[in-house]
Amino acid sequence: MEFQKINGGICAPLGFTAAGIHCGIKPNNPKKDLALIFSRVPCKAAAVYTTNKVKGAPITVTKSHLEDGHVQAVIVNSGNANTCNADGVQKAEQMCSLAAKELGIHAQDVIVASTGVIGQPLPIEPIASHVRQLTEALSADGSTDAAQAIMTTDTRIKEIAVEFSVDGTVCRIAGISKGSGMIHPNMATMLGFLTTDVNIKKSLLSQALSKVAKDTFNMVSVDGDTSTNDMVSIMASGLAGNKKIKEQGTPGYQAFYGALMGVCTYLARMMAKDGEGATKLIECKVHGASSDEQAKIVAKSIVMSNLTKAAVFGADANWGRVLCAIGYAQTEVDVQKVDVTFESKAGSILVCQNGAGVAFDEALAKKILLEEEIVIDVNLNSGKCEKTAYGCDLTYDYVKINGDYRT
């Protein structure tokens with residue numbers, strides 16, 4: 001699939017502006033904490049959500065607002081998750097109404113999201129008193145400000161925009177996301193907001209997002225905890241003017257799908273690399289599997305293994321921990337066929353073949369594992385299917401960050 005990165009973030013697709021400001025949701029915290037994304041025309045829209053049984057009030061409201069498949073804006077706050085609060089839905093609806101009034105649109109056409117501490121009432125006053133400033137700050141250069149405003153324990157801004165062609169027409173997809181801790185397959189403490197100017201049938205937009213999320217955001221694990229507020233949404237303005245994409249399997253759909261996969265893969269890798277306290281990205285590539293499901297289960301099991309994560313942190317080529325994670329994965333694997341290779345920009349080294357250790361240079365292995373991005377390549381030698389999962393190392397700082405997160 002052919003696409004290229006471009007500048008502009010979520011404002012790169014035609015019709016979109018964004019903003020991010022400080023309103024003071026958390027006292028004595030000067031960071032940006034309120035974001036807005038706006039389309040000058042109504043958009044087709046879709047979203048995927050957390051699988052946690054406890055769900056934040058913003059998810060309840062957003063699901064309701066997306067029932068007709070159309071929205072025009074997204075308002076997001078950080079610093080407070082607005083979850084497990086008696087007045088949560090009321091305040092989420094109020095956020096939509098506040099934004100809608102300033103934008104001159106219907107509250108039903110606003111998506112709302114929140115991230116931060118669970119179980120503390122959301123102070124609506126800072127949002128109400130700054131929403132006009134927020135809408136006045138909307139700009140074609142506002143993507144980075146919006147990306148900053150949705151961050152919590154993140155240390156890196158996560159944004160990307162790409163350009164591609166649909167039947168000769170230039171189109172764009174872009175996204176911002178946040179996510180650092182409580183990251184686990186089947187959504188995580190992440191928020192992701194995607195924009196595109198592609199003209200596409202609403203049902204195809206939803207199908208594409210759901211399918212791509214399964215192979216990107218749902219393949220990320222930092223710490224094994226899922227969260228309550230996870231959501232990824234996409235808005236399509238249709239302003240690129242391409243011939244409407246109406247069917248799967250067409251060249252236009254394949255171009256769109258490939259670009260969407262590229263954007264979401266980039267954001268997923270960024271979140272894994274920015275895992276709380278992390279120093280290294282772990283990319284587990286499982287191939288030679290008998291089915292996609294087998295490859296997915298094995299890849300996830302490895303990136304979720306705390307022992308494997310700790311070994312990568314210590315640059316210890318302890319391949320036995322990888323085999324152990326494969327052994328307890330909930331799928332049948334012929335372990336006597338498994339090969340394991342560690343890779344990075346420092347080189348590649350085979351450490352296990354046919355389920356057994358092989359002689360290898362420990363010094364080279366350590367050099368490979370000292371890099372910031374590590375690939376654990378696993379060949380099951382049982383088929384032709386493959387999947388990739390994304391994780392990070394487990395460090396001392398993870399405990400420090402989460403030991404006093406609330407206080």
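Structure: above.
Rules and cut-offs
- Residues numbered from 1 in each chain as written.
- Predicted model: local features only at pLDDT ≥ 70, side-chain atom pairs only at ≥ 80, totals over all residues.
- Heavy atoms only, no water.
- Helix = DSSP H or I, 4+ residues; strand = E, 2+ residues; numbered from the N terminus.
- Rg over C-alpha atoms; globule rule 2.2 N^0.38 Å.
- Buried < 20%, exposed > 50% of the residue type's maximum accessible area, 1.4 Å probe, protein only.
- Contact = heavy atoms within 4.5 Å.
- Lys, Arg positive; Asp, Glu negative; His and termini not counted.
- Charge placed at Lys NZ, Arg CZ, Asp CG, Glu CD.
- Axes fitted to C-alpha atoms, helices over the stretch in contact; angles between N-to-C directions.
- Parallel < 35°, antiparallel > 145°, perpendicular 65-115°, else oblique.
- Left-handed = near helix turned anticlockwise from the far one by under 90°.
- Nonpolar A, V, L, I, M, F, W, Y, C, P; charged D, E, K, R; others polar.
- Patch = residues over 30% accessible without salt bridge, like charges linked within 9 Å, V, L, I, M, F, W, Y side chains within 5 Å.
- Areas by Shrake-Rupley, 256 points an atom, 1.4 Å probe, with all protein chains shown as cover.
- Salt bridge = Lys/Arg side-chain N within 4 Å of Asp/Glu carboxyl O.
- Pairing = 2+ DSSP bridges.
- Phe/Tyr/Trp six-rings, centres within 6.5 Å; stacked < 30°, edge-to-face > 60°.
- Lys NZ or Arg CZ within 6 Å of the ring centre and 35° of its normal.
- Core = buried A, V, L, I, M, F, W, Y, C linked by side-chain atoms within 4.5 Å.

Asker: So what's going on with the overall build of the chain? Which residues, and what values?
Answerer: Assigned secondary structure in the chain consists of eleven helices and 15 strands. The C-alpha atoms of the chain give 22 Å as radius of gyration, which agrees with the globular expectation for 407 residues (22 Å, within 12%). In terms of overall dimensions, the chain has a C-alpha envelope of 70 × 55 × 35 Å along the principal axes. Within the chain, the proportion of its 407 residues that are buried is 56%. In the chain, the share of contacts with a sequence separation of at least 24, taken over all contacts with a separation of at least 6, comes to 80%. The positive charge centre, built from 39 side chains, and the negative charge centre, built from 42, are 3 Å apart in the chain.

Asker: Account for helix 1 (residues 57–65), naming residues and giving values.
Answerer: All of the buried residues along helix 1 are Ala57, Pro58, Ile59, Val61, Thr62 and His65. Against the buried residues of helix 1 lie strand 3 (34–49), strand 4 (70–78), helix 2 (88–103), strand 5 (110–115) and strand 9 (231–236).

Asker: Describe the packing of helix 2 against helix 3 (residues 124–136), and please don't skip the residues or the numbers.
Answerer: Packed helix pairs are characterised by how far apart their axes lie and by the angle those axes make with each other. The contact between helix 2 and helix 3 brings their axes to 9 Å, and the two run at 25°. Relative to helix 3, helix 2 is oriented roughly parallel. Of the two elements, helix 2 crosses helix 3, and the hand of that crossing is right-handed. Contact with helix 2, carried on its side by Lys91, Gln94, Met95, Leu98, Ala99, Glu102 and Leu103, involves Ile124, Ile127, Ala128, Val131, Arg132 and Thr135 of helix 3 and no other residues of that element. Among the residues forming the contact of helix 2 with helix 3, the class breakdown is eight nonpolar, two polar and three charged.

Asker: Go over a positive patch on the surface with me, naming the residues and quoting the values.
Answerer: Taken together, the side chains of Lys201, Lys243, Lys244 and Lys246 define a basic patch exposed on the protein surface. Relative to the assigned elements, Lys201 resides in the loop between strand 8 (191–196) and helix 5 (202–215). We classify Lys201 as partly exposed; its relative accessible area is 38%.

Asker: For the sheet that holds strand 11 (residues 339–344), give the residues involved together with the corresponding values.
Answerer: Spatially, six strands are ordered 13-12-11-14-10-15 in an open sheet, and the strand pairing comes out mixed. Where the open sheet ends on each side, the last strands, each with one partner, are strand 13 (356–357) and strand 15 (385–392). Here strand 12 (residues 347–353) pairs with strand 13 via two bridges, running antiparallel. Paired with Gln353 across the strands is Ala356, a residue of strand 13.

Asker: Outline the packing of aromatic side chains, supporting the account with residue identities and numerical values.
Answerer: Given two aromatic rings, their pairing is described by the distance between the two centres and the angle made by the two planes. Scanning all chains against the criterion turns up one aromatic pair. The ring of Tyr49 has Lys63 lying over it, and the distance from NZ or CZ to the ring centre is 5.0 Å.

Asker: I'd like a description of the packing of helix 7 (residues 292–304) against helix 9 (residues 319–327), backed by residues and values.
Answerer: Relative orientation of the contacting elements helix 7 and helix 9 amounts to 130°, with a least axis distance of 8 Å. The orientation of helix 7 with respect to helix 9, classified from their angle, is oblique. Between helix 7 and helix 9 lies a crossing whose hand is right-handed. On the side of helix 7, the interface is formed by Val298, Ser301 and Ile302, while helix 9 contributes Val322, Ala325 and Ile326. The residue makeup of the contact of helix 7 with helix 9, split by class, is five nonpolar, one polar and no charged.

Asker: Lay out the nonpolar core in plain terms, naming residues and giving numbers.
Answerer: Ranked by size, the top nonpolar core spans 73 residues in total, and within it Phe256, Val340, Phe342 and Val378 carry the most contacts. With 13 residues, the top contributor of residues to this core is helix 6 (residues 251–273). With residues near it in sequence (within four places) discarded, Val378 still touches Cys284, Lys285, Val286, His287, Ile302, Val322, Ile326, Val338, Asp339 and Val340. The next biggest cluster of nonpolar side chains, apart from the first, holds 26 residues, and it includes Cys11, Ala18, Leu66 and Ala149.

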